[in-house]
Amino acid sequence: VGKDIQGIIQAIADRRALRRVAVLVTGDPGLYSLAAPIIKRFGRDACKVVPGISALQTAFARLGIGWEDARIISTHASEPELCGEELCKYAKIAIFGGDRELIPRLSPLLKYFLELGYRVFAGEDLTLPEERFYEIGVAGLEGLRLSTRAILLIIKRDIL
């Protein structure tokens, strides 16, 4: 549906007048999700949320570490201002992608963390047959394009 959240909410409302509507979205319904604006518009009693396994859960599981202390950032709806010095207080950072230009935009930040000794991992299409999960070094950033369903993990080296 892209970034036109109000447009999709209106399309749901228009169709809801005629029949029951089901909305299928990727990700975790409690974290940067379309679920929140849908519930806000139609109410909790009119919505049934059925979660699946999220990219965040899967990515951290691939590394065998928890995410309860991770800084979680989304680039789906807007371009957040990311300051390496501020983010350095976190040993684990997760960045949700959303478009193929994620790496070119974040390359300076990722290089900064790699130079500090962090490790960077990319998870693409997690839990799908075409899943890819791999580590990225400085040389690997050049020309890299990720799936629109990607998550980056920036992990302090001493954790792994």
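Look above for the structure.
Just so you know, these numbers come straight off a predicted model, no measurement behind them.

Scoring rules and cut-offs
- Residues numbered from 1 in each chain as written.
- Predicted model: local features only at pLDDT ≥ 70, side-chain atom pairs only at ≥ 80, totals over all residues.
- Heavy atoms only, no water.
- Helix = DSSP H or I, 4+ residues; strand = E, 2+ residues; numbered from the N terminus.
- Contact = heavy atoms within 4.5 Å.
- Areas by Shrake-Rupley, 256 points an atom, 1.4 Å probe, with all protein chains shown as cover.
- Lys, Arg positive; Asp, Glu negative; His and termini not counted.
- Charge placed at Lys NZ, Arg CZ, Asp CG, Glu CD.
- Phe/Tyr/Trp six-rings, centres within 6.5 Å; stacked < 30°, edge-to-face > 60°.
- Buried < 20%, exposed > 50% of the residue type's maximum accessible area, 1.4 Å probe, protein only.

Overview of the overall build of the chain
When helices and strands are tallied, the chain shows six helices and five strands. What you see in the chain, going N to C, is helices and strands ordered as α-α-α-β-α-β-α-β-β-α-β. Once the C-alpha set of the chain is aligned to its principal axes, its extents read approximately 55 × 35 × 30 Å. Expressed as a percentage of contacts within the chain between residues at least 6 apart in sequence, the contacts between residues at least 24 apart total 62%. About 9700 Å² of surface is accessible on the chain, with carbon and sulfur atoms providing 51% of the total. Both charge centroids of the chain, one from 22 positive and one from 20 negative side chains, sit 7 Å from each other.

Here we look at the packing of aromatic side chains
Inspection of the entire model under this criterion finds four aromatic pairs. With 5.5 Å between their ring centres and 85° between their planes, Y112 and F113 make a pair best called edge-to-face. By relative accessible area, which is 0% here, F113 ends up buried. Seen in terms of ring centroids, F121 and F133 are 5.9 Å apart; in terms of plane orientation they differ by 5°. Their pairing is stacked. Placement of the pair is F121 in strand β3 (residues 118-124) and F133 in strand β4 (residues 132-136), with a sequence separation of 12 residues. Connected via pairs of aromatic rings, a cluster forms that spans Y112, F113 and Y118.

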